[in-house]
Every structure is written in C-alpha cells, then in structure tokens.
Amino acid sequence: SQTIHQWPATLVQPVGSPLSLECTVEGTSNPNLYWYRQAAGRGLQLLFYSVGIGQISSEVPQNLSASRPQDRQFILSSKKLLLSDSGFYLCAWSVLRSWSEQFFGPGTRLTVL
Amino acid sequence: GENVEQHPSTLSVQEGDSAVIKCTYSDSASNYFPWYKQELGKRPQLIIDIRSNVGEKKDQRIAVTLNKTAKHFSLHITETQPEDSAVYFCAGKPGNQFYFGTGTSLTVIP
C-alpha cells in the first residue's frame with residue numbers, strides 16, 4: 001500500500017532563517033506531487049506541483065521554492081522565512097489518471113517568529 | 001484556470017438533521033470532483049468523490065450530486081452525528097491540478 005511521509009511535524013523558526021521541508025511517498029511510482037499551505041482557519045493554497053523529476057510548476061509568486069530530486073521525494077525550501085510563511089504545510093500525491101483522488105501527508109506546522 | 005466556489009462557509013445543524021454543502025466550478029474540463037473532510041489539526045481525507053459521467057453517488061449517510069450543465073455539485077450528509085463536525089472541502093480537477101473550495105466548517109450540535 002502507498003504511504004506518504006512528511007517531516008518535521010512541527011517547526012518553529014525565526015524570521016530570516018532558511019527552511020527545508022521534506023516529503024516522500026512509498027509504494028507508487030511516477031506520482032504527481034503537490035505542496036499546499038493552509039493558514040489558520042483557511043483553505044488550501046496550492047504552492048507547487050510536479051509531474052516528474054525536476055519538473056516543478058509554481059502557482060503563486062513567493063519566497064518559497066520546491067525541488068524534486070528523486071521520483072518520490074519532494075522538498076519545499078526557503079532561503080529567508082517571512083512571518084507570513086507561518087501555516088500548515090501539506091504534501092500530497094496522486095496518480096497520473098484523470099479520475100484519481102489526492103492523498104495528503106500528515107502535514108508540518110510551521111511557526112515563524 | 002478553474003475556479004471552485006463553496007457555500008456556506010459555516011454551517012450548524014442539530015444532531016440528526018441533514019447538512020448540505022454546495023460548490024460551483026467554472027472549467028468545463030473538470031471531470032472529477034472529490035470531497036475531503038479535515039478534522040482540527042489533521043490532514044484532509046477523502047470521504048466521497050464523483051466522476052463527470054455520473055449524476056449521483058451515495059455511501060451510507062453521505063451522498064454527492066453533480067449537475068454538469070449548471071456546473072455545480074453538492075454534498076449531502078443525512079442523520080448528522082457530532083463526529084461529522086469538521087471542515088469540508090470540495091475540489092474540481094480539470095487536469096493534473098486540484099482546485100479546492102474555501103471550505104465549510106460544519107458543527108453538529110448534540
């Protein structure tokens with residue numbers, strides 16, 4: 001069966017510090033991968049998605065970046081965090097098929113102070 | 001791109017009553033519509049979905065209806081229970097991306 005991992009689960013970082021969040025998927029090949037951010041009490045904002053190694057599409061301009069160094073690994077990074085980067089970060093995957101659901105990871109709660 | 005709108009943003013019902021959440025979409029290429037339930041501090045989890053070639057789907061107390069002509073779909077929860085309290089998200093999928101509604105916070109009052 002497929003599983004998706006995210007770490008860390010929680011993170012408290014000072015403004016201006018770097019960020020690296022990692023997501024890995026097991027039990028599937030060539031998944032579509034996604035990064036979402038969810039502010040407190042708000043909806044899901046798509047940040048990046050990837051259909052393959054090295055292929056990243058960005059949905060919104062920001063100081064975040066994403067990379068996919070391996071088929072089942074998706075990394076979210078920042079060189080300098082802003083207060084507005086605080087939120088709940090969710091990684092998700094789906095198969096490359098029209099009628100396929102999206103599976104979410106457990107999330108990382110990031111607080112920028 | 002796709003635009004999914006969801007109403008209401010908050011909904012309170014008495015235990016045992018029904019709850020209905022409505023979504024509209026703009027891109028006629030959307031052919032898959034999942035509904036997710038997110039409990040506080042947890043990840044969203046799929047509760048039901050519907051494909052564009054189907055008008056209605058039911059799973060026990062949960063049902064979803066789709067009107068392709070009007071571009072809207074709805075979630076129906078019958079005989080609500082306190083454990084149904086959560087935030088519910090609808091989504092449309094025209095390609096590889098999922099476009100989510102802004103969520104409905106459902107509270108079931110015992």
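Read on for an overview of the structure. (Residues numbered from 1 in each chain as written. Chains lettered and ligands numbered in written order. Predicted model: local features only at pLDDT ≥ 70, side-chain atom pairs only at ≥ 80, totals over all residues. Heavy atoms only, no water.)

## Notes on the pattern of salt bridges
Phase 1: Counting across every chain of the model gives 5 salt bridges over all chains.
Phase 2: Taking the shortest distance from any N to any O, the salt bridge between A:Arg37 and A:Asp85 comes out at 3.4 Å. Of the two residues, A:Arg37 is situated in strand S4 (residues 32-38) and A:Asp85 in the loop between strand S8 (73-78) and strand S9 (87-94); the sequence distance between them amounts to 48 residues.
Phase 3: On the accessibility criterion, A:Arg37 (14% relative accessible area) is buried.
Phase 4: Among the residues examined, A:Asp85 registers a relative accessible area of 3% and is labelled buried.
Phase 5: Between B:Arg61 and B:Asp84 there is a salt bridge whose closest N-O contact spans 2.9 Å. Of this pair, B:Arg61 sits in the loop between strand S6 (56-59) and strand S7 (62-67) while B:Asp84 sits in the loop between strand S8 (72-77) and strand S9 (86-92), placing them 23 residues apart in sequence.
Phase 6: Relative accessible area serves as the criterion here: at 22%, B:Arg61 is assigned to the partly exposed category.
Phase 7: On the basis of relative accessible area, B:Asp84 is assigned to the buried category, the value being 7%. (Salt bridge = Lys/Arg side-chain N within 4 Å of Asp/Glu carboxyl O. Helix = DSSP H or I, 4+ residues; strand = E, 2+ residues; numbered from the N terminus. Buried < 20%, exposed > 50% of the residue type's maximum accessible area, 1.4 Å probe, protein only.)

## Structural notes on the environment of B:Pro82
Phase 1: Structurally, B:Pro82 is set in the loop between S8 and S9.
Phase 2: Filtering out sequence-adjacent residues up to four positions away, B:Pro82 remains in contact with B:Glu15, B:Val108 and B:Pro110. (Contact = heavy atoms within 4.5 Å.)

## Quick word on the nonpolar core
Here is a general trend for soluble globular proteins: nonpolar side chains tend to be buried in one another's company.
Phase 1: If you look at the biggest cluster of nonpolar residues, it comprises 22 residues, and the most contacted ones within it are B:Trp35, B:Phe73, B:Leu75, B:Ile77, B:Tyr88 and B:Leu106.
Phase 2: In this structure, A:Leu21, A:Cys23, A:Phe74 and A:Tyr89 belong to the second largest nonpolar core, which totals 20 residues. (Core = buried A, V, L, I, M, F, W, Y, C linked by side-chain atoms within 4.5 Å.)

## Examining the pairing of S9(B)
Successive residues of a regular strand alternate their side chains across the two faces of the sheet.
Residue and element names in this part refer to chain B.
Phase 1: Here S9 lies mainly inside the structure; 6 of its 7 residues are buried.
Phase 2: Pairing between strand S4 (residues 32-38) and S9: 4 bridges, direction antiparallel. Among the inter-strand pairings, lysine 37 is bridged to a residue of S9, identified as tyrosine 88.
Phase 3: Two strands pair when backbone bridges link them, and S9 and strand S11 (residues 104-109) are joined in this way by 3 bridges, in the antiparallel orientation. Bridge pairing links alanine 86 to leucine 106 in S11.
Phase 4: Across 2 bridges, the pairing between S9 and strand S10 (residues 99-100) is antiparallel. Within the sheet, the bridge partner assigned to alanine 91 lies in S10 and is phenylalanine 100.
Phase 5: Between S9 and S10, which pair antiparallel and follow one another directly, the connecting turn spans 6 residues. (Pairing = 2+ DSSP bridges.)

## Quick word on the pairing of S8(B)
All names here are of chain B.
Phase 1: Bridge count for strand S3 (residues 19-24) against S8 is 6 bridges, and the pairing is antiparallel. Bridging from a neighbouring strand, alanine 19 pairs with isoleucine 77 of S8.
Phase 2: Connecting S7 to the next strand, S8, in antiparallel fashion are 4 residues, including lysine 71 with a positive phi near 60 degrees.

## A closer look at the packing of aromatic side chains
Phase 1: One pass over the structure, following the stated rule, counts 14 aromatic pairs over all chains.
Phase 2: When the ring of A:Tyr36 is compared with that of A:Phe104, the centres are 5.6 Å apart and the planes differ by 50 degrees; the resulting orientation is tilted. Here the residue A:Tyr36 occupies a position in strand S4, and A:Phe104 occupies one in strand S10 (residues 103-104), the gap between them amounting to 68 residues. The burial state of A:Tyr36 is the same as that of A:Phe104; both residues are buried.
Phase 3: Measuring from centroid to centroid gives 4.8 Å for B:Phe33 and B:Phe73, while their planes differ by 45 degrees, and the two rings are tilted. (Phe/Tyr/Trp six-rings, centres within 6.5 Å; stacked < 30°, edge-to-face > 60°.)

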